[in-house]
Amino acid sequence: MPGLPVMAERASRRLKGALTMDGKAGCSVAGVVIGALALVALLVGWPQYRVYQQRLAGEAALAEAQSSRQVAILEARAKKESAISLAEAEVIRAQGAAKANAILQNSLGGPEGYLRYLQIQALENTKSSLIYVPTEAGLPVTEARRLDQR
């Protein structure tokens, strides 16, 4: 059996070879150290990255909500302006019709003459063969017997 000093010397040589970068063991130790540092960096950095990512997502959602609100406000303003313009146009049209009716009434001798004129216009535009003419009370004379003869 070799002596204790010989074994100690062999162990010393193996340890020196393992600690130097010339051997395969030195490269693997460096790889393990680099891997451990990368793992620590990942464990520390990943939660911070997730917080950063969530903050950016929140800011994007807020910006989208504000943009949607502004679009809704602009659409509401456009509808309001459109309604106001349509109402003004309707008022102008009604005023024109009222003036035209007043001119016709005055030229035809008042409201009764104007109504008679409208009745004559309606009779001219009809294509029916039977016409009921109102009496003095404004009610038409009906022909109930004519329907029984058929």
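Rules and cut-offs
Residues numbered from 1 in each chain as written. Predicted model: local features only at pLDDT ≥ 70, side-chain atom pairs only at ≥ 80, totals over all residues. Heavy atoms only, no water. Helix = DSSP H or I, 4+ residues; strand = E, 2+ residues; numbered from the N terminus. Buried < 20%, exposed > 50% of the residue type's maximum accessible area, 1.4 Å probe, protein only. Areas by Shrake-Rupley, 256 points an atom, 1.4 Å probe, with all protein chains shown as cover. Phe/Tyr/Trp six-rings, centres within 6.5 Å; stacked < 30°, edge-to-face > 60°. Patch = residues over 30% accessible without salt bridge, like charges linked within 9 Å, V, L, I, M, F, W, Y side chains within 5 Å. Salt bridge = Lys/Arg side-chain N within 4 Å of Asp/Glu carboxyl O. pLDDT = per-residue confidence, 0-100.

### Focus on the overall build of the protein chain
When helices and strands are tallied, the protein chain shows four helices and zero strands. Counting every position in the protein chain, which comprises 150 residues, the buried fraction comes to 3%. Put simply, the protein chain shows about 13400 Å² of open surface, and 63% of that area lies on carbon and sulfur atoms.

### What about the packing of aromatic side chains?
On inspection of all chains with the given rule, the structure shows two aromatic pairs. Note on Tyr114 and Tyr117: the rings are 6.4 Å apart at their centroids and 25° apart in plane angle, and the pair reads as stacked. In this pair, Tyr114 and Tyr117 both sit in helix α3 (residues 111-125), three residues apart, roughly one turn of the helix. For Tyr114, a relative accessible area of 11% puts it in the buried group. Residue Tyr117 is classed as partly exposed on the basis of its relative accessible area of 32%.

### Some remarks on a nonpolar patch on the surface
Taken together, the side chains of Leu39, Leu42, Leu43, Trp46, Tyr49, Tyr52 and Leu56 make up a nonpolar region of the molecular surface, amounting to roughly 750 Å² of accessible area. Mapped onto the elements, Tyr49 comes out in helix α2 (residues 24-107). On the basis of relative accessible area, Tyr49 is assigned to the partly exposed category, the value being 42%.

### Section: the confidence of the model for the protein chain
Put simply, the protein chain has an average pLDDT of 80, and 71% of its residues get 70 or more. The least confident element of the protein chain, judged by mean pLDDT, is helix α4 (residues 144-148) at 56; the most confident is α2 at 90.

### Here we look at the pattern of salt bridges
For the structure on display, the rule yields two salt bridges. Linking Glu59 and Arg55 is a salt bridge whose minimum nitrogen-to-oxygen distance equals 3.5 Å. With Glu59 and Arg55 both in helix α2, this residue pair falls four residues apart, about one helical turn. Take Arg55: its relative accessible area is 48%, and that puts it in the partly exposed class. Residue Arg93 is joined to Glu90 by a salt bridge in which the shortest nitrogen-to-oxygen separation is 2.9 Å. One end of the pair, Arg93, and the other, Glu90, are both in helix α2, three residues apart, so they sit about a helical turn from each other. The exposure class assigned to Glu90 is partly exposed, which follows from its relative accessible area of 44%.

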